[in-house]
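So you can see what is in the structure, the chains are spelled out below.
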Amino acid sequence: MAKVLVVTSGKGGVGKTTSTAALGAALAQTGQNVAVVDFDVGLRNLDLVMGAERRVVFDLINVIQGDAKLAQALIRDKRCETLSILPASQTRDKDALTAEGVERVMGELREKFDWVLCDSPAGIERGAQLAMYHADLAVVVTNPEVSSVRDSDRIIGMLDSTTERAKRGEKMEKHLLVTRYDPARASKGEMLSTEDVLEILSIPLLGIVPESEEVLRSSNVGSPVTLAHPDSAPARAYFDSARRLMGEKLDISVPVERKGLLDWLFKKRVA
Amino acid sequence: MSFLANFFAKRNTSAVARDRLQILLAHERSSGSGESDLIAKLHREILEVIKRHVAVDQDKVQIKLDGGTDGRSMLEIDIEVPRLDSHTEVGHSA
């Protein structure tokens, strides 16, 4: 049975698209069939982060409006054959997303894939509502920062009230993914700690992704960090998060960058 | 001393952030859709009961629900009534 997961946050710029790509690629590398779907109609970026921007022919809106079949719009990843992307439209606006159309496409995706990851647009309006509507579970991406936590709280409220599951009276499974975390600053009391964020939002923790240069380097070259730099600290955080999504029980820690002796010596000299 | 105060204030900005969020979200959650229906209903029905006996101004009724951090909520009802003497009584005793 396919699982539909929405990656959401309310606030923009916290790492929804990066996390969708990284989690999607991490799940796909375990052999699961994964589709990542961009719901950010008009401002698509998942294709760019995944390195598929020049292979887009048809998009989600084309499929919704019946101009293309789902199979024509899906782009298979060149590095990982169990991973596919369904891009959003760049030219249309979010009003082109219809509730019936999205429902039909999500139904088709459920038949083809083990996991469907929906990359929600920022905000709380139509696009974000439709991205979460059919989800079985949600990953709430939050930065340890006041405005992000406030917006996440609002989104958690919406997940519990405006989704299909909520309307059927069923429980929506929600997971917190803390991104751009700086353990050094948190321990100095300069940044909200993961414990603070968890206490405030009170949903279970999926993982802690440390702030890292590898994330930007990966998106520069159009590759999810879990494909481009699988040994890096953020990639390991995403791999562990993916395993937790598949039901494994793992202790949660903040992965640290592994440094070779040369790096270490070099750092010392510079300092 | 002010040097020390500065030192500690700087160290604990995350604690300030946490406290501000907790207060703000307690308020925002209570004004969320579900509970605001409840408050509107309470507002109307409490007002009906009081109106049977005392003439009150609709705008002088404040109802607030605060979600506490320890799992309890506080319902605050603040109603301004005119001085209770025989002239303001609107009961049907006559």
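Starting from 1, residues in each chain are numbered consecutively following that chain's sequence as written. Chain letters and ligand numbers both follow the written order, the letters beginning at A and the numbers at 1. In keeping with the predicted nature of the model, local features appear solely for residues at pLDDT of at least 70, side-chain atom pairs appear and are counted solely at 80 or more, and the whole-chain, interface and lining totals rest on all residues. Side-chain measures were taken over the full set of non-hydrogen atoms in the model, leaving aside hydrogen atoms and water.

### Some words on the overall build of chain B
Consideration 1: Each helix and strand in chain B was counted, giving three helices and two strands.
Consideration 2: Numbered from the N terminus, helices here are DSSP runs of H or I no shorter than four residues, and strands are runs of E no shorter than two. Its helices and strands in sequence order give chain B the pattern α-α-α-β-β, from N to C terminus.
Consideration 3: The classification of residues rests on relative accessible area computed with a 1.4 Å probe and restricted to protein chains. Under 20% of the type maximum is buried, over 50% is exposed, and intermediate values are partly exposed. For chain B, the residues scored as buried account for 15% of the 94 residues in total.
Consideration 4: It only takes one pair of heavy atoms within 4.5 Å for two residues to be counted as in contact. For chain B, contacts bridging at least 24 residues in sequence account for 41% of all contacts bridging at least 6.

### Notes on the environment of D95 of chain A
All names here are of chain A.
Consideration 1: Relative to the helices and strands, D95 resides in the loop between β4 (83-86) and α5 (99-112).
Consideration 2: With relative accessibility at 56%, the residue D95 sits in the exposed group.
Consideration 3: In this structure, the C-alpha to C-alpha distance between D95 and R165, residues 70 residues apart in sequence, is 23 Å.

### A word on the interface of chain A and chain B
Consideration 1: Listed by partner, the interface residues are 13 residues for chain A and 12 residues for chain B.
Consideration 2: When two components associate, each loses some accessible surface as probed by a 1.4 Å sphere; the sum of these losses over both components is called the buried area. Carbon and sulfur atoms make up 53% of the area that chain A and chain B hide from each other, which totals about 1200 Å².
Consideration 3: For the chain A face of the interface with chain B, the top three residues by lost area are V146, R150 and I200 of chain A, together amounting to 42%.
Consideration 4: The rule for a salt bridge is simple: a side-chain nitrogen of Lys or Arg has to be within 4 Å of a carboxyl oxygen of Asp or Glu. Summed over the shared surface of chain A and chain B, the number is three salt bridges.
Consideration 5: We note a salt bridge from R29 of chain B to D153 of chain A, for which the minimum N-O separation is 2.4 Å.
Consideration 6: As used in this structure description, the phrase polar contact means that two N or O atoms lie within 3.5 Å; if the pair is within protein, one of them must be able to donate a hydrogen and the other to accept it, and residues adjacent in sequence are counted only when both atoms belong to side chains. Our enumeration of links across chain A and chain B arrives at seven residue pairs in polar contact (both at pLDDT 80 or more).
Consideration 7: If you list the elements that add at least two residues to the side of chain A that touches chain B, you get α7 (146-159) and α10 (194-201) of chain A.

### Describing the UniProt feature "domain: CobQ/CobB/MinD/ParA nucleotide binding" (unreviewed entry) in chain A
Consideration 1: UniProt positions are given in the numbering used here, feature names are shortened, and annotations may be inferred rather than shown by experiment. On the UniProt side, "domain: CobQ/CobB/MinD/ParA nucleotide binding" (unreviewed entry) is annotated at positions that read residues 5-225 of chain A here.
Consideration 2: Across residues 5-225 of chain A, helical content stands at 40% and strand content at 19%; the span's end C-alpha atoms are separated by 19 Å.

### Points about the packing of α7 of chain A against α10 of chain A
Helix packing geometry: the angle between the two helix axes and the distance between the axes.
All names here are of chain A.
Consideration 1: Viewed as axis vectors pointing N to C, α7 and α10 meet at an angle of 35°, and their least axial separation amounts to 10 Å. Of the two elements, α7 crosses α10, and the hand of that crossing is right-handed. Taking contact as the criterion, the partners of V149, S152, D153 and I156 in α7 are, on α10, V197, I200 and L201.
Consideration 2: For this classification, Asp, Glu, Lys and Arg are treated as charged, while Ala, Val, Leu, Ile, Met, Phe, Trp, Tyr, Cys and Pro are nonpolar and the rest, including Gly, are polar. Of the residues in the contact of α7 with α10, the class split is five nonpolar, one polar and one charged. Lines fitted to C-alpha atoms define the axes here, with helix axes fitted over just the stretch in contact, and angles between the N-to-C directions of these axes take values from 0 to 180 degrees. With the far helix as reference, a near helix turned anticlockwise by less than a right angle produces a left-handed crossing, and one turned clockwise produces a right-handed crossing.

### Looking at the packing of helix α1 (residues 16-28) of chain A against helix α13 (residues 233-245) of chain A
Residues and elements named next belong to chain A.
Consideration 1: It is the contact of α1 with α13, at a shortest axis distance of 9 Å, that shows an interaxial angle of 65°. Of the two possible hands of crossing, α1 and α13 adopt the one that is right-handed. Contacts from T18, S19, A22, L23, A26 and L27 in α1 reach Y238, F239, S241 and A242 in α13.

### What to know about the nonpolar core
All names here are of chain A.
Consideration 1: Remark: nonpolar core denotes a set of buried residues (Ala, Val, Leu, Ile, Met, Phe, Trp, Tyr, Cys) joined through side-chain atoms within 4.5 Å. Grouped together as the largest cluster of nonpolar side chains are 51 residues, with contacts concentrated most on F39, L86, L97 and L109.
Consideration 2: The element best represented in this core is α7, accounting for five residues.
Consideration 3: Residue contacts for L97: discarding those within four places in its chain leaves F39, V41, L60, I61, I64, V102, R126, G127 and L130.
Consideration 4: Among the nonpolar cores identified, the runner-up in size contains 35 residues, and L5, A22, M50 and V225 belong to it.

### As for the UniProt feature "binding site: ATP" (unreviewed entry) in chain A
All names here are of chain A.
Consideration 1: The positions UniProt marks with the feature "binding site: ATP" (unreviewed entry) are K11, G12, G13, V14, G15, K16, T17 and T18. Put simply, the named residues that line the largest cavity are T18.
Consideration 2: Tracing the chain through its elements places K16 in helix α1.
Consideration 3: In this view, K16 contacts V7, T8, S9, K11, D119, S120, P121, A122 and V141; residues no more than four positions away in its chain are not counted.
Consideration 4: Only 2.9 Å separates the side chain of K16 from the backbone oxygen of K11, close enough to count as a polar contact.
Consideration 5: Take T17: it is sitting in helix α1.
Consideration 6: With sequence-adjacent residues up to four places away left out, T17 is seen in contact with N45, L46, V49 and D119. We place a 1 Å grid over just the protein atoms. Points where a 1.4 Å probe fits but has no way out form a cavity, open points with protein on both sides within 12 Å along at least 5 of 7 lines form a pocket, and any residue with an atom within 4 Å of a point lines it.

### Re the pattern of salt bridges
Residue and element names in this part refer to chain A.
Consideration 1: The final tally for this structure, using the stated rule, is 19 salt bridges over all chains.
Consideration 2: R44 is the salt-bridge partner of D47, the closest N and O atoms lying 3.0 Å from each other.
Consideration 3: Its relative accessible area of 5% is what places D47 among the buried residues.
Consideration 4: Judged by relative accessible area, which is 18%, R44 ranks as buried.
Consideration 5: R110 is paired through a salt bridge with D136; the nearest N and O atoms lie 3.1 Å apart. With R110 in helix α5 and D136 in the loop between α6 (126-133) and β6 (137-142), this pair connects stretches of sequence that are 26 residues apart.
Consideration 6: Judged by its relative accessible area of 22%, R110 is partly exposed.
Consideration 7: Its relative accessible area of 13% is what places D136 among the buried residues.

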